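Structural overview
Next come the chains, spelled out residue by residue.
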Amino acid sequence: MILFPAIDLLGGQCVRLKAGEYDTAHKVAESAFETAKRFWEAGATHLHMVDLDGAKDGSASRMNRQAVFEIANRLPIKVELGGGIRTLDDIRTVAEGGVARIILGSAATDLGLLKEAVLRYGERIAVGLDVKNGRVAVAGWTKETSLPYLEFAKTVAGLGVRTIIFTDISRDGMLEGPNFDMLSELQRAVDVDLVASGGVKDLSDIKRLKAMGIYGAICGKSLYAGTLDLAQAVKECLC
């Protein structure tokens, strides 16, 4: 299993949210680059980054993008990025900026755009499946659609998407454990590389996700709160 430590950027600052609520944003680190460097030094080979400004407003934050591209080009760590990537031009810019995997969230509901993105960029395209009350949420988790999450997962998998990043918004940043039941439902419904996001608290969650055969796990709040040791978690994923 691959471990993805997370850096969320809001106004150029490293922050965390609780249950996707922007008014709960709190700063967790001084420097995105130095934080990413520490993650890499602890053994992480992959990094999950989110432009929260772009996710909410639909247009990328120049300040956030600069921080992402600096990490992607200065550190030997594979960066995946979501937030504010809404057009093919956005995807091209991010891809050329050195980002290894481009995550489409709100844009993925435009199936024509998603299909073209997969045709052009193949496995570098991932879909962020952000779920609230069993439905797909968009616009930085602030708007709930009428799309049932399992139905949408099947649709994007049918278009050739190989990686789905599943987030139960209600658990994100809460340190209450991932939604294992929904992850199991997704595993039965679609044959993709499934990344679990939201709620990871400690090593026991990592062990359980690994035992399930989950492809990857994103951890954010647990690292900043000190409930999960990154080096230990990376070793667990590799063994």
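None of the values given here were measured: they were computed from a predicted structure.

Under the definition given, this model contains two aromatic pairs. Here Y149 and F166 contribute two aromatic rings whose centre-to-centre distance is 6.1 Å and whose plane-to-plane angle is 40 degrees, an arrangement assigned as tilted. Here F166 lies in strand 10 (residues 163–168) and Y149 lies in helix 6 (residues 149–158), a separation of 17 residues in the sequence. In this structure, K56 packs its charged tip against the face of Y22, placed 4.8 Å from the ring centre. Above the plane of the ring of F33 lies R74, whose end atom (NZ or CZ) is 4.1 Å from the centre.

Phi is positive for N133, close to 55 degrees, though the residue is something other than glycine. Residue placement: N133 occurs in the loop between strand 7 (125–132) and strand 8 (135–138). You will see that L175, though not glycine, has its phi angle at about 60 degrees, which is positive. Here L175 shows up in the loop between strand 10 and helix 7 (180–189).

Time to look at the packing of helix 6 against helix 7. Between helix 6 and helix 7, the shortest axis-to-axis distance is 10 Å and the interhelical angle comes to 35 degrees. Note that helix 6 runs across helix 7; the crossing there is right-handed. Contact with helix 6, carried on its side by Y149, L150, A153 and K154, involves M182, E185, L186 and A189 of helix 7 and no other residues of that element. Here the contact of helix 6 with helix 7 is composed, by residue class, of six nonpolar, no polar and two charged.

With that settled, the discussion passes to the side chain of R101. Relative to the helices and strands, R101 resides in strand 6 (residues 101–104). Residue R101 is classed as buried on the basis of its relative accessible area of 13%. In terms of polar contacts, R101 uses its side chain to reach the side chain of Y215, at 3.3 Å. If near-sequence neighbours (up to four positions away) are discounted, R101 is found in contact with F4, V79, E80, L81, E123, R124, A126, T163 and Y215.

With that out of the way, let us pick up helix 3 (residues 62–74). A rise of 1.5 Å per residue sets the reference length of helix 3, with its 13 residues, at 18 Å; its end C-alpha atoms lie 18 Å apart and thus fit the reference within 8%. Those residues of helix 3 lying buried are N64, R65, A67, V68, I71 and A72. Buried residues along helix 3 cover an arc of 160 degrees about the axis, so they all sit on one side. Helix 3 presents R62, Q66, N73 and R74 as exposed residues on the side facing more than 90 degrees away from its buried surface. Those residues of helix 3 that are buried are in contact with strand 1 (2–10), helix 1 (32–41), strand 4 (46–51), helix 2 (52–57), strand 5 (78–82) and helix 4 (88–96).

The next thing to look at is the pairing of strand 4. Taken across its six residues, strand 4 has six buried, putting it largely inside the fold. Residues H46, H48 and V50 point to one face of strand 4 and L47, M49 and D51 to the other, with burial holding for every one of them. Here strand 4 pairs with strand 5 via five bridges, running parallel. Bridge assignment links H48 to a residue of strand 5, and that residue is E80.

Cut-offs applied
Residues numbered from 1 in each chain as written. Predicted model: local features only at pLDDT ≥ 70, side-chain atom pairs only at ≥ 80, totals over all residues. Heavy atoms only, no water. Phe/Tyr/Trp six-rings, centres within 6.5 Å; stacked < 30°, edge-to-face > 60°. Helix = DSSP H or I, 4+ residues; strand = E, 2+ residues; numbered from the N terminus. Lys NZ or Arg CZ within 6 Å of the ring centre and 35° of its normal. Axes fitted to C-alpha atoms, helices over the stretch in contact; angles between N-to-C directions. Left-handed = near helix turned anticlockwise from the far one by under 90°. Contact = heavy atoms within 4.5 Å. Nonpolar A, V, L, I, M, F, W, Y, C, P; charged D, E, K, R; others polar. Buried < 20%, exposed > 50% of the residue type's maximum accessible area, 1.4 Å probe, protein only. Polar contact = N/O pair within 3.5 Å; in protein donor to acceptor, adjacent residues only side chain to side chain. Expected span 1.5 Å × (residues − 1). Arc of directions from axis to C-beta. Pairing = 2+ DSSP bridges.

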